[in-house]
Amino acid sequence: MPELPEVETVRRSLAPLVVGRTIEDVVVRCRKLRRPVPRDLAARLVGQTICAAHRRGKYLLFDLGGGRSWIFHFGMSGRLLHVDGSRAVEPGKHDHVIARLEGKAKRKGARKGATEGVGAGRGAGALVFNDPRRFGLTLVDDPASCPLLTELGPEPFDQAGFNADRLAELRRRTNRTVKDVLMDQHVVAGLGNIYVNEILFQAGVRPRRRMTRVKLPECERIVDATRAVLREAIEHRGSTVADFLDGIGRKGGYQWRHQVYDRAGQPCQTCGATIKAVVVAQRSSFYCPHCQV
Ligand SMILES: [Zn+2]
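Structural notes, computed from the coordinates. (Residues numbered from 1 in each chain as written. Predicted model: local features only at pLDDT ≥ 70, side-chain atom pairs only at ≥ 80, totals over all residues. Heavy atoms only, no water.)

1. Re helix H7 (residues 216-235)
Inference 1: Compared with an ideal rise of 1.5 Å per residue, which puts 20 residues at 28 Å, H7 spans 29 Å between its outermost C-alpha atoms and is within 8% of the ideal.
Inference 2: Phi turns positive, to about 65°, at arginine 237, one or two residues after H7. (Helix = DSSP H or I, 4+ residues; strand = E, 2+ residues; numbered from the N terminus. Expected span 1.5 Å × (residues − 1).)

Written out as structure tokens, the structure is:
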């Protein structure tokens, strides 16, 4: 599932291709995502120009100006791919939304939802939102008031919003494990199963430890590890553990640097102990029994 580094990687790969482009045509082929694609999506997008590409937590936002953004969440398996303007897009099975960007080729008599190629011509290509498991979402809204975004906690790189004191304060208010706390998008936005496992390894704290039992210096290590792991993961363009691809179809490289995630039974690269896995609430947690306490 795309987490902050993957969404940031998609943003960076797409920004040079889409910023400044005008959305010329939108075809919604399937509305049945986690949150149904709004009926007026196409009407709200056509004719708009993408002014900037932002990220908030695991959301990707294309700023359309006037307080409106085209917002995406990739759920478990969502992808947003840019397809070159020199060829038509043959819609694939799970291509739910196809947006043709600025181009002169006007097709007469085109039908909405038609299965013929979309995006033919010499335009600036097309954006294709593909999501086999359909847990993703897309909509147009004002990011300043959209509840999906306003309910998010601070960004991990926001020193004032996410720091050891804030994390330590939570100890009085929760009975949850430290892993559950870090996965909570209200506490800090953008983390998921892969990076929380890696962060807790780097911080030396076991995932199932109760938050109430995490000491202040450990909170400091967790915050530092969060920023260090995310920074390195972004540098390596995210992790491709199942099917993640960036906006132009490239795999990430950070999966080769995972210390614990999906490494159960393999030796810890720091101490040689065997990495363990425990399943809590259907999510696997991985840790080194020697390096993490
Ligand atoms: Zn170890």
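2. Brief notes about the coordination of the zinc ion
Inference 1: Protein coordination of the zinc ion is provided by Cys268 (SG), Cys271 (SG), Cys288 (SG) and Cys291 (SG), with donor distances spanning 2.2 to 2.4 Å.
Inference 2: Around the zinc ion, the four donor atoms sit at angles spanning 99 to 113°, and that spread fits a shape best called tetrahedral.
Inference 3: Going along the chain, you hit the donors of the zinc ion in the pattern C-x2-C-x16-C-x2-C. Separated by 20 residues along the polypeptide, cysteine 271 in the loop between H7 and strand S9 (276-280) and cysteine 291 in the segment after strand S10 (283-287) bring together distant segments of the chain. (Donors = N, O, S within 2.8 Å, 3.2 Å for Na, K, Ca; no water. Tetrahedral: all angles 85-135°; square planar, octahedral: opposite > 155°, others 65-115°.)

3. Things to note about the pairing of strand S4 (residues 68-73)
Inference 1: Of all the six residues making up S4, five are buried; the element is thus mostly covered by neighbouring parts of the structure.
Inference 2: Note: strand S3 (residues 59-65) against S4, six bridges, orientation antiparallel. Paired with glycine 65 across the two strands is arginine 68, which belongs to S4.
Inference 3: A loop of two residues connects S3 with S4, the two strands running antiparallel in sequence, and glycine 66 in this loop sits at a positive phi of about 60°.
Inference 4: Looking at chain direction, S4 and strand S8 (residues 137-141) are connected through five bridges and run antiparallel. Its bridge partner lying in S8, tryptophan 70 is registered against valine 140. (Buried < 20%, exposed > 50% of the residue type's maximum accessible area, 1.4 Å probe, protein only. Pairing = 2+ DSSP bridges.)

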